[in-house]
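Structure at a glance
Next come the chains, spelled out residue by residue.
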Amino acid sequence: MKQLSSNKSFGGQQQQFEHDSTVLHCAMRFSVYLPPQATQENKVPVLYWLSGLTCNDENFVQKAGAQRMAAQLGIAIVMPDTSPRGVDTNGDIIADDEAYDLGQGAGFYVNATQAPWDKHYQMYDYIAYELPALIEANFPVTDKRSISGHSMGGHGALVIGLRNAPRFQSISAFSPIVSPLQCPWGHKALSAYLGDDQALWLKYDAVELMKKIKGDTSDLPPIKVDQGLADNFLEAQLKPHLLENSASQVHYPLEINVHSGYDHSYFFIASFIDEHLKFHAQHLMA
């Protein structure tokens, strides 16, 4: 790893690193906030934050205002990039698209199977496995993990959390894409990354994953979702009621909060991020 920056914040350290990813076959950046409690003698749990379309690892760092509460609670926050970028180890330009909702900045947290995306766009494996292993080997953190995200990142948090329930203590999301099978963003991205067989899309759809849950759900990671009612993407792209309906059918521990007047921006995230951090702390510290 190569450290790119380090800034003291609320007694802890806000840092940025670059490393060579074996899963994505390229260099990747991530940011990490280490609270003042984090030492080799006192390791702390980790919240993974997944950002949305067009974002990178820096948006949450600069706009969410999460460091103060993370310092108080003693939680590290890891913020990866949203896709592979730049050139690969052979010097080839990594696949991109002129639109904002496909290609660089829009990895959708899936393992792509279709060319030209399949060479690098393995974001599911990167977030679920490679990055946590890297973090736990190099920073003063425990193997207690939670996951959260916004919009496309909310989709990623729900899917990765649900598919890896024993590995995550809790899940949360702001304005998530809950069902890529039922929205334009999802259709565009999944058809490009996975092909036209929608049966292959099911494992990246939180609504469909939740429908398949059987038996006792009390040991599964609880989910907290916040949604602004002034969000321009609410009806066409997000559709949180679909997740609520699936959760009620299987008695999944889901909490959805709606907020009048709030939109899709980081102003919304900054307004409620403290509540999400406290929610995760309850389960990370248990």
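Relevant structure appears above.
What comes next is a walk through the structure. All of these numbers come straight from a predicted model, not from anything done at the bench.

Conventions adopted
Residues numbered from 1 in each chain as written. Predicted model: local features only at pLDDT ≥ 70, side-chain atom pairs only at ≥ 80, totals over all residues. Heavy atoms only, no water. Bend = angle between axes of the 7 residues up to and from the residue. Helix = DSSP H or I, 4+ residues; strand = E, 2+ residues; numbered from the N terminus. Buried < 20%, exposed > 50% of the residue type's maximum accessible area, 1.4 Å probe, protein only. 1 Å grid on protein atoms, 1.4 Å probe; cavity = no way out; pocket = protein on both sides within 12 Å on 5 of 7 lines; lining within 4 Å. Points joined across faces, edges and corners; volume = space filled by probe spheres on them. Nonpolar A, V, L, I, M, F, W, Y, C, P; charged D, E, K, R; others polar. Pairing = 2+ DSSP bridges. Axes fitted to C-alpha atoms, helices over the stretch in contact; angles between N-to-C directions. Contact = heavy atoms within 4.5 Å. Phe/Tyr/Trp six-rings, centres within 6.5 Å; stacked < 30°, edge-to-face > 60°.

Here we come to helix α9 (residues 266-284). The largest bend in α9 amounts to roughly 50° and is located at Phe-272. For α9, the set of buried residues is Tyr-266, Phe-268, Ile-269, Phe-272, Ile-273, His-276, Leu-277, Phe-279, His-280, Ala-281 and Leu-284.

Here we take up the layout of surface pockets. Counted as a void, the largest pocket has a volume near 160 Å³. Forming the walls of the largest pocket are Gly-52, Leu-53, Thr-54, Cys-55, Tyr-100, His-150, Ser-151, Trp-185, Phe-233, His-264 and Tyr-266. Of the residues assigned to the lining of the largest pocket, the class counts are six nonpolar, five polar and no charged.

It is worth spelling out the sheet that holds strand β5 (residues 76-80) at this point. Think of a sheet as strands paired side by side through backbone hydrogen bonds, with each pair either parallel or antiparallel. Taking strand neighbours across the sheet as the criterion, the nine strands line up as β1-β2-β3-β5-β4-β6-β7-β8-β9 in an open arrangement whose pairing is mixed. Of all the strands in the sheet, just β1 (2-9) and β9 (254-259) have a single pairing partner and so form its edges. Across the sheet, the mean angle separating the axes of adjacent strands is 20° when strand polarity is ignored. As paired strands, strand β7 (residues 171-174) and strand β8 (residues 223-228) are joined by four bridges and run parallel to one another. For Ile-171, the partnering residue across the bridge sits in β8 and is Ile-223. Contacting β2 (12-21), β3 (26-34), β4 (44-50), β5 and β6 (141-150), helix α3 (residues 123-138) crosses the sheet at an angle of about 145° to β6. Sheet contacts for α9: β4, β5, β6, β7, β8 and β9; angle to β7, the most-contacted strand, approximately 175°.

What follows concerns the packing of aromatic side chains. Applying the stated criterion to the full structure yields 15 aromatic pairs. With 5.1 Å between their ring centres and 70° between their planes, Tyr-262 and Phe-272 make a pair best called edge-to-face. In this pair, Tyr-262 is assigned in the loop between β9 and α9 and Phe-272 in helix α9, connecting sequence segments 10 residues apart. Taking the relative accessible area as the measure of exposure, Tyr-262 reaches 30% and is therefore partly exposed. Relative to Phe-272, the ring of Phe-268 has its centre 5.6 Å away and its plane inclined at 65°; by these criteria the two rings are edge-to-face. Here Phe-268 and its partner Phe-272 are both found in helix α9, four residues apart, which amounts to about one turn of the helix. The exposure classification of Phe-268 matches that of Phe-272, with both residues buried. An aromatic cluster is defined as three or more aromatic residues linked by ring pairs; in this entry it consists of Trp-49, Phe-60, Phe-174, Tyr-262, Phe-268 and Phe-272.

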